[in-house]
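Coordinates in review
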Amino acid sequence: MMSNLADMTNVGEGGSPVVSLNNVSVRYPSGHVALAGVSLTLNRGEFAFLVGPSGAGKSSLVGLLVRDVLPFAGEVHVAGYSVHDLPASEVPYLRRRVGVVFQDFRLLQRRTVRENTAFALEVTGAPVEEIEVAVERALRIVGLGKLADRYPDALSGGEQQRAAIARAIVGNPELLIADEPTGNLDPLISWEIMELLGQINQLGVTVLVATHDSDIVTTLRKRVLGLEGGRLIRDEQRGTYHRVG
Ligand SMILES: Nc1ncnc2c1ncn2[C@@H]1O[C@H](COP(=O)(O)OP(=O)(O)OP(=O)(O)O)[C@@H](O)[C@H]1O
Ligand SMILES: [Mg+2]
């Protein structure tokens, strides 16, 4: 049941932050500096929005957390891994602890919702029975139990995002990152997806959401991390989308 996710997520809790960036800079091969001297901490169970204008560095920060992007300077710790000097052979282990969803869903089109969800665990070599239980639980959490045998092209955008979220949480991640998860969805469905992310957070998963959805951010009054020109210019509890004053 749902409580399993929280129970399992809390195993090994030691009070250390789930995410910790210490003076991190990202510089692309082009020479562009996408992040400059960013330091922040996300503790277990937190929910935070990451906001800022286009090009501010939000996706670069998301990429850092799963080692898609390497820091030019500074330290990145995620789910107990030292990401900045993680050997390539250990990157898959880091990625099992972190679920990610994107604006464009990125589902495998030739696999059903259930198969998309299972695939994330199959590649880890988990036992079949374990995969079945975890997949059904993840599909139940996102509310796709009845649509599990559909292919992505037979789903609405909101349903596809739910499927992507099921895939992201099926392995009981410590951290769920969403990079503009509602960028392709209408306002009502955007709210439903954001509520789902909130429910998953309530199950004990730390959640970071990069978004341009000013309505949602300002209404929910969660922690807001504000990036601008690669710098962290705001870190507010119960923040709004735009800086106040
Ligand atoms: N692979 C890359 N090579 C060179 N520059 C890059 C690369 N990826 C991103 N950038 C640059 O880094 C800066 C930050 O980009 P990033 O995608 O992190 O911004 P963002 O805040 O996610 O923007 P958006 O809201 O449009 O998604 C931008 O100026 C972008 O052009
Ligand atoms: Mg982006």
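For the structure itself, consult the block above.
1. Notes on the overall build of the chain
The number of helices and strands found in the chain is 8 helices and 10 strands. Its C-alpha atoms give the chain a radius of gyration of 17 Å, near enough to 18 Å, the size a compact globule of 245 residues would have. Evaluated residue by residue, the chain yields a buried proportion of 50% over its 245 residues. Restricting the contact set of the chain to residue pairs at least 6 apart, pairs at least 24 apart contribute 70%. Carbon and sulfur atoms form 49% of the exposed surface of the chain, whose accessible area is close to 11,400 Å². Each charge sign in the chain was given a centre, from 24 positive and 28 negative side chains, and these centres are 3 Å apart.

2. Details of the sheet that holds strand β2 (residues 33-42)
The antiparallel open sheet is built from 4 strands, whose spatial order is β2-β1-β4-β5. Each edge of the sheet is formed by a strand with only one pairing partner; in this case those strands are β2 and β5 (81-82). Summarising the sheet, strand β1 (residues 19-27) and β2 pair through 6 bridges and their orientation is antiparallel. Within the sheet, the bridge partner assigned to Val26 lies in β2 and is Leu35.

3. Focus on a nonpolar patch on the surface
A surface patch of nonpolar side chains, amounting to about 230 Å² of accessible area, comprises Leu108, Phe119 and Val123. Among the secondary structure elements, Leu108 is positioned in the loop between β6 (98-102) and α4 (113-122).

4. Notes on helix α2 (residues 58-65)
In terms of burial, α2 is largely enclosed, as 7 of its 8 residues are buried. Of all the positions in α2, only Lys58, Ser60, Leu61, Val62, Gly63, Leu64 and Leu65 are classed as buried.

5. Some details on the packing of helix α6 (residues 157-169) against helix α7 (residues 187-202)
The relative placement of two packed helices comes down to the angle between their axes together with the axis-to-axis distance. For the pair α6 and α7, interaxial distance at closest approach is 10 Å and the crossing angle is 15°. The orientation of α6 relative to α7 falls into the category roughly parallel. When the axes of α6 and α7 are compared, the crossing they make is right-handed. Contacts between α6 and α7 involve Gly158, Gln161, Arg162, Ile165 and Ile169 from the former and Ile189, Glu192, Ile193, Leu196, Leu197 and Ile200 from the latter. Its residues placed into classes, the contact of α6 with α7 shows 7 nonpolar, 2 polar and 2 charged.

6. A closer look at the pattern of salt bridges
Taken as a whole, this structure holds 10 salt bridges when the rule is applied. Residue Arg114 is joined to Glu136 by a salt bridge in which the shortest nitrogen-to-oxygen separation is 3.0 Å. Taken together, the residues Arg114 in helix α4 and Glu136 in helix α5 (residues 128-142) connect sequence positions 22 residues apart. Residue class for Arg114 comes out partly exposed when judged on its relative accessible area of 27%. Classification of Glu136 as partly exposed rests on a relative accessible area of 32%. Put simply, Asp149 and Arg114 hold a salt bridge, and the shortest N to O gap is 2.5 Å. Of this pair, Asp149 sits in the loop between α5 and α6 while Arg114 sits in helix α4; the two residues are 35 residues apart in sequence, bridging distant segments of the chain.

Here is what the cut-offs are and how they apply
- Residues numbered from 1 in each chain as written.
- Chains lettered and ligands numbered in written order.
- Predicted model: local features only at pLDDT ≥ 70, side-chain atom pairs only at ≥ 80, totals over all residues.
- Heavy atoms only, no water.
- Helix = DSSP H or I, 4+ residues; strand = E, 2+ residues; numbered from the N terminus.
- Rg over C-alpha atoms; globule rule 2.2 N^0.38 Å.
- Buried < 20%, exposed > 50% of the residue type's maximum accessible area, 1.4 Å probe, protein only.
- Contact = heavy atoms within 4.5 Å.
- Areas by Shrake-Rupley, 256 points an atom, 1.4 Å probe, with all protein chains shown as cover.
- Lys, Arg positive; Asp, Glu negative; His and termini not counted.
- Charge placed at Lys NZ, Arg CZ, Asp CG, Glu CD.
- Pairing = 2+ DSSP bridges.
- Patch = residues over 30% accessible without salt bridge, like charges linked within 9 Å, V, L, I, M, F, W, Y side chains within 5 Å.
- Salt bridge = Lys/Arg side-chain N within 4 Å of Asp/Glu carboxyl O.
- Axes fitted to C-alpha atoms, helices over the stretch in contact; angles between N-to-C directions.
- Parallel < 35°, antiparallel > 145°, perpendicular 65-115°, else oblique.
- Left-handed = near helix turned anticlockwise from the far one by under 90°.
- Nonpolar A, V, L, I, M, F, W, Y, C, P; charged D, E, K, R; others polar.

Fair warning: the whole summary comes from geometry, so function is off the table for now.
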